[in-house]
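Below are the chains, spelled out letter by letter.
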Amino acid sequence: MSRIRSTTAALDRRTFLAATGAVGAATGLGLTLGIGGDRPAAAATVTPGPAPVSPGPVQAPAVPGVPYERGTTLAGVATPRGTSGYRRLADGPAWDRVVRAELGTAHRGRDQRRTALASFVQFTDLHLVDVQSPLRYEYLRAETASAWRPQEALSVAGVISLIERVNALPGGPATGAPLSFVMTTGDNTDNNSRLELDWFLTAMSGGRITPNSGAPHRYEGVQDSGLTLYWQPDSALRDADKKLGFPQLDGFLDAAIRTVNSPGLRLPWYSTVGNHDSLPGGCYAPGDPYFTDYATGGRKLETLPAAEAAKVWKAVKKGLDPKGEDFKRLLKAHAKQARTITPDERRAPFTRAEYLKAHLDPARTGPGPHGHGYTADHLAEDRLYYTFKISDDVLGISLDTTDPGGHYTGSIGDGQLNWLKRVLKENEKGEQAHVLVFSHHTSKSMNNTRPDPARPDERRHGGAELVELLSAHPGVVGWINGHSHKNDITPHGTFWEVSTASHIDFPQLARVIELVDNHDGTLSLFTTLVESAAPHRTDFTDLSQTGLAALYRELSFNAPEARSDLSGTAQDRNVELLLKRR
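Residues numbered from 1 in each chain as written. Predicted model: local features only at pLDDT ≥ 70, side-chain atom pairs only at ≥ 80, totals over all residues. Heavy atoms only, no water.

Engineer: It is not clear to me how the overall build of the chain should be interpreted in this structure. Could you clarify?
Structural biologist: Secondary structure summary: the chain contains 14 helices and 23 strands in total. Across the 582 residues that make up the chain, the buried fraction comes to 62%. Across the chain, the fraction of contacts at a sequence separation of at least 24, relative to all contacts at a separation of at least 6, is 77%. Accessible surface for the chain amounts to roughly 21400 Å². Of this, 51% is attributable to carbon and sulfur atoms. (Helix = DSSP H or I, 4+ residues; strand = E, 2+ residues; numbered from the N terminus. Buried < 20%, exposed > 50% of the residue type's maximum accessible area, 1.4 Å probe, protein only. Contact = heavy atoms within 4.5 Å. Areas by Shrake-Rupley, 256 points an atom, 1.4 Å probe, with all protein chains shown as cover.)

In structure tokens form, the structure reads like this:
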């Protein structure tokens, strides 16, 4: 028999919205950033109601769990055909489940005894991209594949297809337990853009999205620039990508900016912030009005001499220009070489307050909870970290690991670290729930201790210190994150660190996570990877929403210089992670 105590499984939509305070247009704080291709409306002034809270945990029916494989990578994975050139994808063999017993003993018969404690989905590094933004640095492509990817114009269609996949899942693949929520672990947007934030919130909560900016009915970006550095899909030009076998696809750019529709998640969802959500370019300290002016203006730099590009990338990679002063000088120096495009105020970087207000907008509640983890208190306190009740037996902790001082690696400040210590101690004194920690950065990528400009006297703390803290609290069973764009699972003595690949780079995955009590002195964390609902095989003549989502995956596989190790090893994919029950 399998039993799960879930925050949402037994609540219908009306009950759930009422429980979270999301029924009624006057509840919460509103900020309208603009829907789809519409221009932004003014921010609404709304009298706040009670601080929104997550619904109380409820107990799901005591029915046997029914494990399954269909719709997951346990059943099949997109696999390339051929050995060279542009390779087409097709249905391929499954990834098996691997048992990892570094932190606990695998006792026989546990699959007949276990109780499900939590069952949910992790999204990470969606990177919804306004590919026409002037603030992007595509001209660094020759230095790093992450500067520009041939699939990026289709990021919205790809994310919608991932949402469709999750909506179709019948439960946790390992236990059959009801899925209770989705957690996004940061980099939901690509360039800290108001428009990208609007697309993300609309995709998650449901609605129509026009993935276009600038000119209302015309693409203006590097893919119609005539520059051979970028794939020119609608042109016969022999660009660098076509020389590698990329196709000419007439109508691609018109299709890429066409309005699409998202059904929105049917599950409640929570939001964790990443560096690309908080920092312009994912690496520069926020608040500089120059970046706002440049992002919303009518000039876009699309090419740069190789020597200068190498210098800029070195500064980005090593964190040598955290405030972007050198970057600003470069943009100003090349102003005359920049292309003239249509200005768009929706491209402005958003502030922390705007990020919170957008999540608290009742129009974005979807299936809840209102605020998606954030409350009016977080807005008042300028705080992006929180706790939430996953079930009777499991506590969730969402951290903010972005360093406001700049650079793409992370850390946390004294205030957040002391808060985390209090939360963990209070949990041990009280319910002694199992703890799952969520963040954007991994332990390995939290090495940026640059001071926060708003709190210059506050120390910053890295990943090693955070691992030490979590290891000291036996209730912590997992730390779930992203940022690296790679599947990687690491044991840390008493808990597992689970890092999941992105949905911008191949293999474009999300992860279902299930925590169970084996009733033999051990717990198991099951992780199962899922692809989007788009078919593995693509048809170049199919530029429908579904066809674009399939092409998004295939282009990401073929992206030149893209890393081929992001899927990780078998021990980082579909696994059962054992650990001692404490």
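Continuing now.
Engineer: So what exactly am I meant to see when it comes to the packing of aromatic side chains here?
Structural biologist: What describes a pair of aromatic rings is the distance from one ring centre to the other and the angle between the planes of the rings. Inspection of every chain in the model, using the stated rule, returns 24 aromatic pairs. Residues Tyr86 and Phe246 carry aromatic rings whose centres are separated by 5.0 Å and whose planes lie at 80 degrees to one another, so their mutual orientation is edge-to-face. With Tyr86 in the loop between strand 3 (77-80) and strand 4 (89-92) and Phe246 in the loop between strand 8 (207-209) and helix 5 (252-256), the pair connects residues that are 160 residues apart, well separated along the chain. For Tyr86, a relative accessible area of 14% gives the class buried. Relative accessible area serves as the criterion here: at 5%, Phe246 is assigned to the buried category. Seen from their ring centres, Phe181 and Tyr270 are 5.5 Å apart, and the 85 degrees between their planes marks the pair as edge-to-face. A residue pair is termed long-range when its members are at least 10 positions apart, and Phe181 in the loop between helix 3 (155-168) and strand 7 (182-185) and Tyr270 in strand 10 (residues 269-272) qualify at 89 residues. For the pair shown, Phe181 and Tyr270 are each scored as buried. When the ring centre of Tyr290 is taken as reference, the NZ or CZ atom of Lys332 above it lies at 5.0 Å. (Phe/Tyr/Trp six-rings, centres within 6.5 Å; stacked < 30°, edge-to-face > 60°. Lys NZ or Arg CZ within 6 Å of the ring centre and 35° of its normal.)

Engineer: What's the story with the packing of helix 7 (residues 289-296) against helix 9 (residues 325-333) in this structure? I'm lost.
Structural biologist: Two quantities define a packed helix pair, namely the angle between the helix axes and the distance between the axes. In contact at an axis separation of 11 Å, helix 7 and helix 9 are set at 40 degrees when each is read in the N-to-C sense. When the axes of helix 7 and helix 9 are compared, the pair comes out oblique. Seen from above, helix 7 lies across helix 9 with left-handed handedness. Contact residues: Tyr290, Phe291 and Tyr294 in helix 7; Phe327, Lys328, Leu331 and Lys332 in helix 9. (Axes fitted to C-alpha atoms, helices over the stretch in contact; angles between N-to-C directions. Parallel < 35°, antiparallel > 145°, perpendicular 65-115°, else oblique. Left-handed = near helix turned anticlockwise from the far one by under 90°.)

Engineer: Is there a simple way to think about the sheet that holds strand 23 (residues 575-580) in this case?
Structural biologist: Picture the strands of a sheet paired through backbone hydrogen bonds; they go either parallel or antiparallel. Pairing is mixed across the open sheet formed by seven strands, whose spatial order is 5-23-22-21-6-7-10. Unpaired on one side and paired on the other, strand 5 (98-103) and strand 10 mark the two borders of the sheet. Going from strand to strand, the sheet's axes swing by 25 degrees on average, the running direction of each strand aside. Across four bridges, strand 5 lies against strand 23 in parallel orientation. Bridge pairing in strand 23 places Val99 opposite Glu576. Helix 3 rests against strand 6 (115-123), strand 7, strand 21 (510-517) and strand 22 (522-530) of the sheet, and its axis sits at about 165 degrees to strand 6. (Pairing = 2+ DSSP bridges.)

Engineer: Just to check I follow, could you spell out the sheet that holds strand 13 (residues 386-391) for this structure?
Structural biologist: On the basis of which strands lie adjacent, the open sheet formed by six strands has the order 13-14-16-18-20-19 and mixed pairing. At either end of the open sheet lies a strand with only one pairing partner, and these are strand 13 and strand 19 (488-491). For this sheet, the mean inter-axis angle between neighbouring strands, taken without regard to orientation, is 20 degrees. Across five bridges, the pairing between strand 14 (residues 394-398) and strand 16 (residues 434-438) is parallel. Pairing of Leu395 across the sheet is with Val435, part of strand 16. Sheet contacts for helix 12 (residues 414-429): strand 13, strand 14, strand 16 and strand 18 (476-481); angle to strand 14, the most-contacted strand, approximately 180 degrees.

Engineer: Please clarify how helix 3 should be interpreted in this entry.
Structural biologist: Each α-helix winds once per 3.6 residues, and so residues spaced three or four apart point in a common direction. Helix length check: helix 3, at 14 residues, gives a terminal C-alpha distance of 20 Å against a target of 20 Å (1.5 Å per residue), a fit within 8%. All buried positions along helix 3 are accounted for by Ser155, Val156, Ala157, Gly158, Val159, Ile160, Ser161, Leu162, Ile163, Val166 and Asn167. (Expected span 1.5 Å × (residues − 1).)

Engineer: Would you explain the environment of Arg88 in this entry?
Structural biologist: In this structure, Arg88 sits in the loop between strand 3 and strand 4. Residues in contact with Arg88, not counting those within four places in the same chain, are Thr79, Pro80, Arg81, Thr538, Asp539, Phe540 and Glu554. Separated by 2.6 Å, the side chains of Arg88 and Thr538 make a polar contact. (Polar contact = N/O pair within 3.5 Å; in protein donor to acceptor, adjacent residues only side chain to side chain.)

Engineer: Please explain the nonpolar core as it appears in this structure.
Structural biologist: It is characteristic of soluble globular proteins that their nonpolar side chains tend to be buried jointly. Among the nonpolar cores identified, the biggest contains 63 residues, and Phe123, Leu436 and Phe438 are the most heavily contacted of them. In terms of residue count, the dominant contributor to this core is helix 4 (residues 194-205) (seven residues). Formed by 44 residues, the second largest nonpolar core is a distinct cluster that contains Tyr139, Phe246, Tyr284 and Leu330. (Core = buried A, V, L, I, M, F, W, Y, C linked by side-chain atoms within 4.5 Å.)

Engineer: Would you mind going over helix 14 (residues 545-558) with me for this structure?
Structural biologist: Its 14 residues give helix 14 an end-to-end C-alpha distance of 20 Å, which sits within 8% of 20 Å, the value for a rise of 1.5 Å per residue. Here helix 14 lies mainly inside the structure; eleven of its 14 residues are buried. Turning to helix 14, its buried residues number three or more, namely Gly547, Leu548, Ala549, Ala550, Leu551, Tyr552, Arg553, Glu554, Leu555, Ser556 and Asn558. Against strand 3, strand 4, helix 3 and helix 5 lie the buried residues of helix 14.

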